[in-house]
Amino acid sequence: METAPQAAPEADQRPDGGEIPVALSSASVYPLSVHDAFAVAADLGFDGVEVMVTNNSTSQKAEELIQLAQHYDQPIVSIHAPTLLLTQQVWGSPWNKISQSCKMAVDVGCETVVVHPPFRWQGNYAETFAHGVRDLSDAYGVRIAVENMYPWRVRGRETLAYLPHWDPIGQGYQDVTWDFSHAATAREDSLAAIKALGSTLRHVHLTDGSGRSFRDEHLLPGQGTQRVAECLAHLGGNGFDGAVVAEISTRKAKVAGERERMLAETLEFARTHLGQRARLDAGSGI
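What you see is a predicted model, and the numbers here were worked out from it, not measured in a lab.

Rules used in this analysis
- Residues numbered from 1 in each chain as written.
- Predicted model: local features only at pLDDT ≥ 70, side-chain atom pairs only at ≥ 80, totals over all residues.
- Heavy atoms only, no water.
- Helix = DSSP H or I, 4+ residues; strand = E, 2+ residues; numbered from the N terminus.
- Buried < 20%, exposed > 50% of the residue type's maximum accessible area, 1.4 Å probe, protein only.
- Pairing = 2+ DSSP bridges.
- Right-handed = clockwise from strand over helix to strand, strands pointing away.
- Phe/Tyr/Trp six-rings, centres within 6.5 Å; stacked < 30°, edge-to-face > 60°.
- pLDDT = per-residue confidence, 0-100.
- Contact = heavy atoms within 4.5 Å.
- Polar contact = N/O pair within 3.5 Å; in protein donor to acceptor, adjacent residues only side chain to side chain.

Tracing the backbone shows T58 in the loop between β2 (49-52) and α2 (62-72). A relative accessible area of 18% means that T58 is categorised as buried.

With that settled, the discussion passes to the pairing of β2. Both faces of β2 are covered, namely the face carrying V49 and V51 and the face carrying E50 and M52. In terms of strand pairing, strand β1 (residues 22-25) meets β2 through 2 bridges, oriented parallel. Among the inter-strand pairings, L24 is bridged to a residue of β2, identified as V49. Viewed along the sheet, the connection from β1 through helix α1 (residues 34-44) into β2 turns out right-handed. Relative to strand β3 (residues 76-80), β2 runs parallel, the two sharing 4 bridges. Its bridge partner being in β3, V49 is matched across the sheet by I76. Handedness of the β-α-β unit built from β2, α2 and β3 comes out right-handed.

Right, let's talk about the packing of aromatic side chains for a bit. Aromatic ring pairs are defined here through the distance separating the ring centres and the angle between the ring planes. In total, this model carries 9 aromatic pairs according to the counting rule given. Where F119 meets W121, the ring centres are 4.7 Å apart and the plane angle is 0°; that geometry is what we call stacked. These aromatic residues form a ring-pair network of at least three members: W95, Y125, F129 and Y173.

On average, residues of the chain score 90 in pLDDT, and 91% of them reach the 70 mark or higher. Contacts for the low-pLDDT stretch residues 1-13, under 50 throughout, to residues beyond four places or in other chains number 34 contacts.

Before going further, it helps to spend a moment on the environment of D189. Of note, D189 is situated in the loop between α6 (180-186) and α7 (190-197). D189 sits 37 residues away from Q226 along the chain, and the two C-alpha atoms are 7.0 Å apart. Beyond its immediate stretch of four places on either side in the chain, D189 contacts Q226 and R227. At 3.3 Å, the side chain of D189 forms a polar contact with the backbone nitrogen of A192. Here the side chain of D189 touches R227 through a polar contact of 2.7 Å, side chain to side chain.

If you want it as structure tokens, here you go:
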């Protein structure tokens, strides 16, 4: 289990004087709908929603997403491009997936697009990926934040699944997304990685993992081996100007209200270790 750092950072450490937004990924309510993600985010008090583009038609339509954001007063903080194996049929070619995601980000009024690095078998897309995302980022005026992944292992041996690499450090990306569950699967030290990324860290997927298997677990933060609390404290006190997005797995939630409890715990973890809890308690009169 994770232990809290000795002192929480002061709030209002962002360059713009505001706090780091804590948003909810629509992936966290799977297999429920994107509509449910907005409703849950509003009920629990999140600061916004990350929309993962999937086979769900609403996730592919900017107009419907804008209506949900307005109805639930939950801004869209990021678009997760359909670059997963499960979304191969969404929006055609790899470059079109990213281009369409950038267009959607502009349409819904957010500035961050999350993408996975290419698979090595994706030919020219993989070979030109680093330059291509930079060109699209400039063309659309959005941040394309490449996510850390993990090595695939076959019979105990690592196999090269991603190009240029599953680890974004040193790949020349302008913006990076850091996922704690992926880091656990890769058996990386997230705190060291976040410090190494410096200002190129744009986006964080808040979760955890045990690192005991090759599975991508997406545990609640604090339930795995990553130093998530220390990482959030570091971000809260060092001018991080991106978003922290809860991306945990709630698929096994069986009891009524269990999914909401898990997400509420994740939100509370974020508020506490980013140094936002004291201000919120003061504002509520606690």
